2 protein chains.
Amino acid sequence: MRLLPQPATENIQLTEVLRALSDPVRLEIVARLAAAGQMNCTVAGDALGIHKSTASHHYRTLREAGVVRTEQDGRLKYMSLRHEDLESRFPGLLPAILTATSLHRTPTTSEGTVSATAEARASAGSR
Amino acid sequence: MRLLPQPATENIQLTEVLRALSDPVRLEIVARLAAAGQMNCTVAGDALGIHKSTASHHYRTLREAGVVRTEQDGRLKYMSLRHEDLESRFPGLLPAILTATSLHRTPTTSEGTVSATAEARASAGSR
DNA sequence: CGTATAGTTGGATCGTTGTCAAACCATGGG
DNA sequence: CCCATGGTTTGACAACGATCCAACTATACG
């Protein structure tokens, strides 16, 4: 369970977090992470219908901004929200954003079927 | 007291708000607006040490994102935060961001302090 | 070892953005 | 009516970002 490099909590910058979350694809990833707890990269890419290299770019952006942590377990990498770190540095910010995304959810690309698959796979891969 | 065109409350998009606030200069404008209540455009530009056309661009970005309202009174235009509109659409978001900016403020918002200006300009200019 | 799987990296493309400068527009005062 | 003042618009420029494809790396499994 190797943890990929990420900024220390005290070095997380507000503008970078906001920038990371200002992209619809990344906001969607974060919303799904909040619901699922964690997520493997391929699942995220498949669910969002984007190329895997594009997905990889978004994971990196989120990780470097300090929004998510990535742990490698074998061939898989699992992302999860840095909830406590963000809360301690920007109290209330992430909850407010997650509330907003759930309030104004857009009927995204085949949300129901794909997200069901994504969740099934995500939970099957977790332990 | 003419009100400049702005998006209706229900049309304010989260990603656009986050995008608008992800620029250090605009975040500084918003922080000062929160402290001062309202602000005239030239004052903001002078205080931030940026060209007036650049400032104008940022005002427009903030207004079009739904973050600020602009009212024209004679030759002057006053900006103020759309606090209630944002609160009704994204509860807790703006307060959390303002809290974050005041928690991790570089120098304080007193006028005349130019170091904040220099830093904002430096990071913005080094894109 | 060889192969399949998971993800990254580099290159190419194309649109967006922050900045300044200069010209422009609008408003109120003399 | 003209001019000074407050802001906007346009143009140019350099940097950034999102995306895809193809090639690459790394890990596990047989």
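Definitions and cut-offs
Note that residues are indexed from 1 along each chain, following the sequence as it is written. As a convention, the first chain written is A and the first ligand written is 1, with the rest following in written order. Predicted model: local features are reported for residues with pLDDT of at least 70 only, side-chain atom pairs are reported and counted for 80 or more only, and whole-chain, interface and lining totals are derived from all residues. The basis for every side-chain value is the complete set of non-hydrogen atoms in the structure, without hydrogens or water. Whether two residues are in contact is decided by their heavy atoms, any of which lying within 4.5 Å being enough. Values labelled buried area give the accessible surface lost by two parts on being combined, using a 1.4 Å probe and summing over both. Whenever a carboxyl oxygen of Asp or Glu lies within 4 Å of a side-chain nitrogen of Lys or Arg, that contact is scored as a salt bridge. Two N or O atoms form a polar contact when they lie within 3.5 Å of each other; inside protein one atom must be a possible hydrogen donor and the other a possible acceptor, and for residues adjacent in sequence the pair counts only when both atoms belong to side chains. Only DSSP runs of H or I covering at least 4 residues are called helices, and only runs of E covering at least 2 are called strands; the numbering of each starts at the N terminus. For this overlay, a least-squares fit was computed on C-alpha atoms, restricted to residues scoring pLDDT of at least 70 in both copies. Note on classification: 1.4 Å probe, protein chains only; a residue is buried when its accessible area is under 20% of the maximum for its type, exposed when over 50%, partly exposed between these limits. Being paired, for any two strands, means DSSP has found at least two bridges between them. Fitting a line to C-alpha atoms yields each axis, with helices limited to the stretch in contact; the angle taken between N-to-C directions then spans 0 to 180 degrees. An angle below 35 degrees is treated as roughly parallel, one above 145 as roughly antiparallel, one from 65 to 115 as roughly perpendicular, and anything else as oblique. By the definition used in this description, the sense in which the near helix is turned from the far one sets the handedness, with an anticlockwise turn below a right angle giving left-handed and a clockwise turn giving right-handed. For this classification, the nonpolar set comprises Ala, Val, Leu, Ile, Met, Phe, Trp, Tyr, Cys and Pro, the charged set comprises Asp, Glu, Lys and Arg, and every other residue, Gly included, is treated as polar.

> Looking at this structure, how should I read the interface of chain A and chain B?
By convention, interface size is frequently given as the accessible area that disappears when the constituent parts associate. Each partner contributes to the interface: chain A provides 20 residues, whereas chain B provides 20 residues. Summing both sides of the interface, chain A and chain B together bury roughly 1700 Å²; the carbon and sulfur share of this comes to 74%. The tally of links from chain A across to chain B stands at zero salt bridges. The interface formed by chain A and chain B includes two residue pairs in polar contact (both at pLDDT 80 or more). Sorting the residues of the side of chain A that touches chain B by element identifies helix H1 (14-21), helix H2 (24-36) and helix H6 (93-103) of chain A as the ones contributing at least two each. With six residues, H6(A) is the single largest residue contributor to the side of chain A that touches chain B.

> Quick question: what am I supposed to make of the relation of the copies chain A and chain B here?
Superposing the two chain copies requires a rotation about an axis and a translation along that axis. Expressed as a screw transformation, the operator carrying chain A onto chain B has a rotation angle of 180° and an axial translation of 0.0 Å, and the superposed copies differ by an RMSD of 0.1 Å. When the rotation and shift are considered jointly, the pair of chain copies conforms to a two-fold rotation axis. When the interface residues of chain A are mapped onto chain B, 100% of them again lie at the interface, so the same face is used by both copies.

> Explanation requested: H6(A) in the structure shown.
Residues spaced three or four apart along an α-helix face the same direction, because each turn holds 3.6 residues. Three or more residues of H6(A) are buried, namely A:Leu93, A:Leu94, A:Ala96, A:Ile97, A:Leu98, A:Ala100 and A:Thr101. Of the surrounding secondary structure, the elements contacted by the buried residues of H6(A) are H1, H2, strand E4 (76-81) and helix H5 (83-89) of chain A together with helix H1 (14-21) and helix H6 (93-103) of chain B.

> I keep staring at the sheet that holds E4(A) and nothing clicks. Help me out?
Strand-to-strand pairing in sheets goes through backbone hydrogen bonds, with the strands running parallel or antiparallel. All names here are of chain A. Judged by pairing direction, the sheet is antiparallel, and its four strands sit side by side in the order E1-E3-E4-E2 without closing on themselves. Two strands in the sheet have a free side with no partner beyond their single neighbour: strand E1 (2-3) and strand E2 (39-40). Judged from the two bridges that link them, E2 and E4 form a sheet pairing that is antiparallel. Paired with Met39 across the strands is Met79, a residue of E4. Of the strands in this sheet, E2, strand E3 (68-73) and E4 touch H2, which is tilted by about 90° from E4.

> What is the right way to look at the environment of B:His104 in this model?
Structurally, the position occupied by B:His104 is in the loop between H6 and helix H7 (115-125). Residue classification places B:His104 among the partly exposed positions, given a relative accessible area of 33%. Apart from the residues lying within four places of it in its own chain, the contact partners of B:His104 are A:Arg89 and A:Phe90. A polar contact of 2.7 Å, which involves the side chain of B:His104, links it to the backbone oxygen of A:Arg89.

> I would appreciate a short explanation of the packing of H6(A) against H6(B) in the present structure.
Two measures define how a pair of helices packs: the angle their axes make with one another and the distance between the axes. For the pair H6(A) and H6(B), interaxial distance at closest approach is 8 Å and the crossing angle is 155°. Relative to H6(B), the element H6(A) lies roughly antiparallel. Judged by the twist between their axes, the crossing of H6(A) over H6(B) is left-handed. Residues A:Leu93, A:Ala96 and A:Ile97 of H6(A) pack against B:Leu93, B:Ala96 and B:Ile97 of H6(B). The class makeup of the residues in the contact of H6(A) with H6(B) is six nonpolar, no polar and no charged.

> Would you explain the sheet that holds strand E2 (residues 39-40) of chain B in this entry?
Residues and elements named next belong to chain B. Pairing in this open sheet of four strands is antiparallel, and the strands run E1-E3-E4-E2 from one edge to the other. Strands with a single pairing partner mark the edges of an open sheet, and in this sheet they are strand E1 (2-3) and E2. As paired elements, E1 and strand E3 (residues 68-73) share two bridges and run antiparallel to each other. From the neighbouring strand, Arg2 faces E3, where its bridge partner is Gln72.

> Could you clarify how one ought to interpret the side chain of B:Arg82 in this entry?
Residue and element names in this part refer to chain B. Structurally, Arg82 can be placed in the loop between strand E4 (76-81) and helix H5 (83-89). On the basis of relative accessibility, which here comes to 1%, the residue Arg82 falls in the buried class. Within the structure, the side chain of Arg82 is placed 2.9 Å from the backbone oxygen of Pro7, a separation counted as a polar contact. With sequence-adjacent residues up to four places away left out, Arg82 is seen in contact with Gln6, Pro7, Ala8, Thr9, Ile12, Gly66, Val67, Val68 and Arg69.

> Explain the pairing of E4(A) to me, please; I cannot follow it from the model alone.
Successive side chains on a regular strand alternate, one facing one side of the sheet and the next facing the other. All names here are of chain A. Sheet topology note: the E3/E4 ladder contains six bridges and is antiparallel. Each bridged residue has a counterpart across the sheet, and for Glu71 the counterpart in E4 is Tyr78. Between the antiparallel neighbours E3 and E4 lie two residues, among them Gly74 with a positive phi of about 70°.

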